[in-house]
Amino acid sequence: MSFLDSLISGISLGSVYAIIALGYTMVYGIAKMLNFAHGDVIMVGAYICFFAVTRFNLPPLVGILVAVLLCTVLGITIEKLAYAPLRSAPSLAVLITAIGVSYFLQNAALLLWSPNPKVFPNFFILHGADGAEQTGLELGSLRISYVTLVTIVVCVVIMLVLTFFINNGKLGKAMRAVSEDKDAARLMGINVNTTISVTFAIGSGLAAIAGVLYMSAYPTLVPTTGSMPGIKAFTAAVFGGIGSIPGAFLGGLLLGVIEIFAKAYISTQLSDAVVFAVLIVVLLVKPSGLLGKVVREKV
Amino acid sequence: MKKLTKTSRNNFLTYGFVILSYVVLQAITAGGHMSSMLKGQLVPICAYVVMAISLNLTVGILGELSLGHAGFMSVGAFMGTTTAIALKNVIASPTLRLVCALIVGAIFAGIIGFLVGIPVLRLNGDYLAIVTLAFGEIIKSIFNNLYLGLDEHGFHLSLLDNKLHMEPEGKLIIGGPMGIGGIQKISTFTVGFALIMVCLIVIFNLVNSRAGRAIMAIRDNRIAAESVGIPVTTYKMMAFVTSAAMAGAAGALFAMNFSTFVANKFDFNTSILVLVFVVLGGLGNMFGSIIAAAALTILPEALRQFASYRMLVYAIVLILVMLIRNNPTIRSFFERFRLSKKGGAEE
């Protein structure tokens, strides 16, 4: 692979990580919890889309919409049933509950959809004038698949819409207020519970989109599919400064690019080790991530 | 006779419980009433109990969340097993060989714990947690690509490729993603029990010493502890390295209960599993960790009759336990009960 090829596939993978990392970082910013079940929502989203398209013969776009819708409902349900009762509990209790939810989703998927790997179809195929299937663009020696293009575009669009929503929308403002200070926000008449639910809904919806995009690039779907991209995206969120939305975007992109470059130029097997080593070095230099807020301890 | 303090009474109860369970289990085994399922679980239970109490030292006593404890277990497992294989012709007694392997595993895990601790302990809270996770993954990746062989010239090490340049009669010990195979199963329940006792003695004495009080002071308020002159990093490192070394010994014990194992056995999920033991048993509560580790290691086996539903049941039980334990109504009910009991007994 040439340098440019690696760069483009790195940005594409990084875009998927960025979309997942947004879910982590928003939930962390607002509920101060590490939602370890987020990776498994990706997997559920991918399965829903897979079955919508292959079994119910829905068009891919409708399939993705169904997946987003159901994952949003799933996210709200998980939040209401498992996390909302623990709002005043110690953070470790919430963490263990999130792990429980993650086990639950994985094993439910195992029972419902069997451990046999499913091959995710490629939606991003155009039919040329001669009827031949095209999966990508050819620009000289450079070949960019449509999946890559769509992933990058979707990520940028999501990023822009989300930034606008958080900065200008009424709910977005409420979200920022709640993440700043829950009690003060409540005193200002903000419904904290609704705001947290909306955050989970957005995060889970994005997870479904990320699931479909990830699966289009790496098409083997099994019940544990979500855990590795989940951990990577979580790393990306911390990398960029957890709680910061531009940070998640930047962290995700950088992580994807580093991973692909490590694969191309260092070693395929050790690419994960390289990614995590870079994370450690970054955290040593900037202990709250690239764009994270430095919180001064008050004595 | 001098009246025992509450802490030492609790500690002796814990020792007593472990010794009693050992005696009872040995008696059942000797009587031939032990089911083969439980018999096969005895050594893993010991290993997980040691993992749980060692992680409890980091999470409960030191107060730092570690998500990469399985990494230290992995170091201990690989180094310990390598030692046992290398010493095969030197030490005849399998038990003595196992003890050597446990010590070497603990030393290596302690060294790695020290190296990991240098960067990790500078960070706080969730950032510390993610860096321990990162180290766990790095250790896993390295062992997945490490080749180690032994011939008459000594050890041969190589990363990524199986190019060890060994003499033809040399023996491959660690085979990258294949892990270690052909292990003599020399782990025994008795050694596992001894390891638990040693770890408990170390932890209880550490916690009740000057150092232990300093460590708990750091957990409760780092800034206050620093301001009265406690060297924070030194004590944090002391607890972290002790914890890592115990995990290493547990890893060596665990590994030599199987004929073969791979690096992927000690992944993020294993770290999380041990963390679940610690949280369910209660932070800083060693007795609770022992019970939780033993019960939750047997539970999935005991649920075998539910076959494929067992992990689903396990997940639901886990969520429900966390919800019930942290329910304000139930909590205050028990709190009231405990207060009235205490008031009657002591005041």
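Per chain, the residues get numbers from 1 upward, laid out in the order the sequence is written. Labels are handed out in written order, letters beginning with A for the chains and numbers beginning with 1 for the ligands. Under the rules for a predicted model, residues below a pLDDT of 70 receive no local features and side-chain atom pairs below 80 are neither given nor counted, while totals for whole chains, interfaces and linings still include all residues.

Glancing now at the packing of helix H10 (residues 268–281) of chain B against helix H11 (residues 286–302) of chain B. All names here are of chain B. Only C-alpha atoms enter the line fits that serve as axes; for helices the fit covers just the stretch in contact. Angles between N-to-C directions range over 0 to 180 degrees. Only DSSP runs of H or I covering at least 4 residues are called helices, and only runs of E covering at least 2 are called strands; the numbering of each starts at the N terminus. Between H10 and H11, whose axes approach to 7 Å, the crossing angle comes to 130°. Here H11 runs oblique to H10, going by the angle between their axes. Considering only the axes of H10 and H11, their crossing is right-handed. Along its contact with H10, which presents Val 276, Phe 277, Val 278, Leu 280 and Gly 281, the element H11 presents Gly 288, Ser 289, Ile 291, Ala 292, Ala 293 and Leu 296. Each residue gets one label: Ala, Val, Leu, Ile, Met, Phe, Trp, Tyr, Cys and Pro are nonpolar, Asp, Glu, Lys and Arg are charged, and the others, such as Gly, are polar. Looking at the contact of H10 with H11 residue by residue, the class counts come to eight nonpolar, three polar and no charged. Working definition: roughly parallel below 35 degrees, roughly antiparallel above 145 degrees, roughly perpendicular at 65 to 115 degrees, and oblique for all remaining angles. In a left-handed crossing the near helix is turned counterclockwise from the far helix by less than a right angle, and in a right-handed crossing that turn is clockwise. A pair of residues counts as a contact when their C-beta atoms, built from backbone coordinates, are within 7 Å of each other.

This part takes up the sheet that holds strand E2 (residues 154–159) of chain B. Residues and elements named next belong to chain B. Note on pairing: two strands pair once DSSP finds at least 2 bridges between them. One open sheet accounts for three strands, arranged E2-E1-E3; its pairing is antiparallel. Looking along the sheet, the strands with just one partner apiece sit at the ends: E2 and strand E3 (171–175). The mean inter-strand angle of the sheet, taken between neighbouring strand axes irrespective of direction, is 20°. In terms of strand pairing, strand E1 (residues 146–151) meets E3 through four bridges, oriented antiparallel. Across the sheet, Leu 150 pairs through a bridge with Lys 171, a residue of E3. This element, helix H3 (residues 69–86), spans E1 and E3 of the sheet and lies at about 170° to E3.

Taken together, the contacts link 36 residues of chain A with 33 residues of chain B. For the side of chain A that touches chain B, the elements supplying multiple residues, two or more each, are helix H4 (91–113), helix H9 (227–240) and helix H11 (271–285) of chain A. Looking at the side of chain A that touches chain B residue by residue, the class counts come to 27 nonpolar, seven polar and two charged.

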